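Each chain is listed here by its residues.
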Amino acid sequence: MKLTNAQIDQLYKFTRKHYVYFYDVQTELVDHLANDIENIWKEYPNLSFEEARDKSFKKFGIFGFMDVIEAKQKQMNKRYRKIMWRFFKEWFTVPKIVTTITVFLSLFFVLKIPYSEFVLLGALFILVVFDLIKQTIARKKQKKKEVKKEKIFLLESMIGETRQGFSAITFVNIFNFVNLTRVSFSSLENYWLLLISFSATIILILFYVTAYLMPQKSEELLIETYPEYKLSQNL
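The rules behind each value
- Residues numbered from 1 in each chain as written.
- Predicted model: local features only at pLDDT ≥ 70, side-chain atom pairs only at ≥ 80, totals over all residues.
- Heavy atoms only, no water.
- Helix = DSSP H or I, 4+ residues; strand = E, 2+ residues; numbered from the N terminus.
- Contact = heavy atoms within 4.5 Å.
- Areas by Shrake-Rupley, 256 points an atom, 1.4 Å probe, with all protein chains shown as cover.
- UniProt positions renumbered as here; feature names shortened; annotations may be inferred.
- Phe/Tyr/Trp six-rings, centres within 6.5 Å; stacked < 30°, edge-to-face > 60°.
- Buried < 20%, exposed > 50% of the residue type's maximum accessible area, 1.4 Å probe, protein only.
- Lys NZ or Arg CZ within 6 Å of the ring centre and 35° of its normal.
- Salt bridge = Lys/Arg side-chain N within 4 Å of Asp/Glu carboxyl O.
- Patch = residues over 30% accessible without salt bridge, like charges linked within 9 Å, V, L, I, M, F, W, Y side chains within 5 Å.
- Axes fitted to C-alpha atoms, helices over the stretch in contact; angles between N-to-C directions.
- Left-handed = near helix turned anticlockwise from the far one by under 90°.

K.L.:
What is the right way to read the overall build of the protein from this model?
P.N.:
Counting its regular elements, the protein contains 10 helices and zero strands. The linear arrangement of helices and strands in the protein, starting from the amino end, is α-α-α-α-α-α-α-α-α-α. Of the contacts made within the protein by residues no fewer than 6 positions apart, 74% connect residues no fewer than 24 positions apart. Here the protein has roughly 15,000 Å² of accessible surface; of this, 63% comes from carbon and sulfur atoms.

Below, the structure written as structure tokens:
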């Protein structure tokens, strides 16, 4: 006995009811449940769809789908890091290496200016305000998708969450370092300025990659990661 399309749809709703919100994880679980239900029917042909479904669900244990969700998150974390590293490495190849060197040298010469710490704090404040506006717009778009119950993929969620987390941690730590240490950068030796400029350049590149480049290319990354993504967008 094969499951009908209506029963497959019910399985999607069932996984969502059990706190599985990402479409790719739902699909994997629905495939597993559907195959298992069909096998259960071979052994117990008189069971109803709901009874066979519940019998299959019990095999996941007392924590339900949580173990599967955690395993998929770990798997996607590895993929996310590979994607981020791929974009990051591009900044050290031609022609982007020119931009990287320009940013590095600009930071170095700015740090040599008297009271450069105040210049950095001012630039950081402007960047924070701009990023908060971008995050607010992104959250509204995500909220609309949730309200409309559109398909949300795990990688898509991770791109948004990592962007917000990285921005918050980076900005807070830089602000605290500049403000609390009260270091006069212009009085430091050149090797310290070079080290600070290099570190700041790395942070800026990571910020740009996670906060802007990956979100901009999210559609392309989702199609690359999920063969079913493009099909789901056309439904």
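K.L.:
Teacher, can you tell me more about the UniProt feature "transmembrane region" (unreviewed entry) in the protein here?
P.N.:
Within this structure's numbering, the places UniProt gives as "transmembrane region" (unreviewed entry) are residues 91-109, 115-133 and 191-213. Summarising residues 91-109: 74% helix, 0% strand, and an end-to-end C-alpha distance of 21 Å. Segment residues 115-133 splits into 95% helix and 0% strand. End C-alpha atoms: 28 Å apart.

K.L.:
Where do I start with the packing of aromatic side chains in this structure?
P.N.:
In this description, a pair of aromatic rings is defined by centroid distance and the angle of the planes. Evaluated as defined, the whole model comprises 16 aromatic pairs. Ring centres of Phe 14 and Phe 57 lie 5.2 Å apart, and the angle between their planes is 90 degrees; this geometry places the pair in the edge-to-face category. Here Phe 14, found in helix H1 (residues 5-17), pairs with Phe 57, found in helix H3 (residues 49-58); they are 43 residues apart in sequence, far enough to count as distant. Assigned by exposure class, Phe 14 and Phe 57 land together as buried. Between the aromatic rings of Phe 108 and Phe 109, the centroid separation amounts to 5.4 Å while the plane-to-plane angle is 70 degrees, which identifies the pairing as edge-to-face. One aromatic cluster is present, built from ring pairs that chain together Tyr 12, Tyr 23, Phe 153 and Tyr 226. Over the ring of Phe 87 we find Arg 86; its NZ or CZ atom is 5.2 Å from the centre of that ring.

K.L.:
Would you take a moment to explain the environment of Lys 55 for this structure?
P.N.:
Inspection of the secondary structure puts Lys 55 in helix H3. When neighbours within four sequence positions are excluded, Lys 55 is seen to be in contact with Ile 40, Tyr 44 and Leu 47.

K.L.:
When you look at the environment of Ile 205 in this model, what are you seeing that I'm missing?
P.N.:
Note on placement: Ile 205 falls in helix H8 (residues 190-216). Distance in space between the C-alpha atoms of Ile 205 and Val 103 is 9.6 Å, their sequence separation being 102 residues.

K.L.:
Help me out: how do you make sense of the pattern of salt bridges in this one?
P.N.:
Counted under the stated rule, the structure contains seven salt bridges. Between Arg 53 and Asp 54 there is a salt bridge, with the nearest N and O atoms lying 3.1 Å from each other. Residue class for Asp 54 comes out partly exposed when judged on its relative accessible area of 32%. Here Glu 90 ties to Lys 96 by a salt bridge, and the two come within 3.5 Å at their closest N and O atoms. Its relative accessible area of 31% is what places Glu 90 among the partly exposed residues.

K.L.:
How do you make sense of a nonpolar patch on the surface when you look at a structure like this?
P.N.:
Taken together, the side chains of Phe 125, Ile 126, Val 129, Ile 133 and Ile 137 define a hydrophobic patch exposed on the protein surface, amounting to about 500 Å² of accessible area. Tracing the chain through its elements places Ile 137 in helix H6 (residues 116-147).

K.L.:
Before we go on, may I ask you to explain the packing of helix H4 (residues 66-89) against H8 in this structure?
P.N.:
One way to put it is that H4 packs onto H8 with a least axis distance of 10 Å and a crossing angle of 120 degrees. By crossing handedness, the relation of H4 to H8 is classed as right-handed. Mapping the contact onto sequence places Tyr 80, Ile 83, Met 84, Phe 87 and Phe 88 in H4 and Ile 202, Ile 205, Leu 206, Val 209, Thr 210, Leu 213 and Met 214 in H8.

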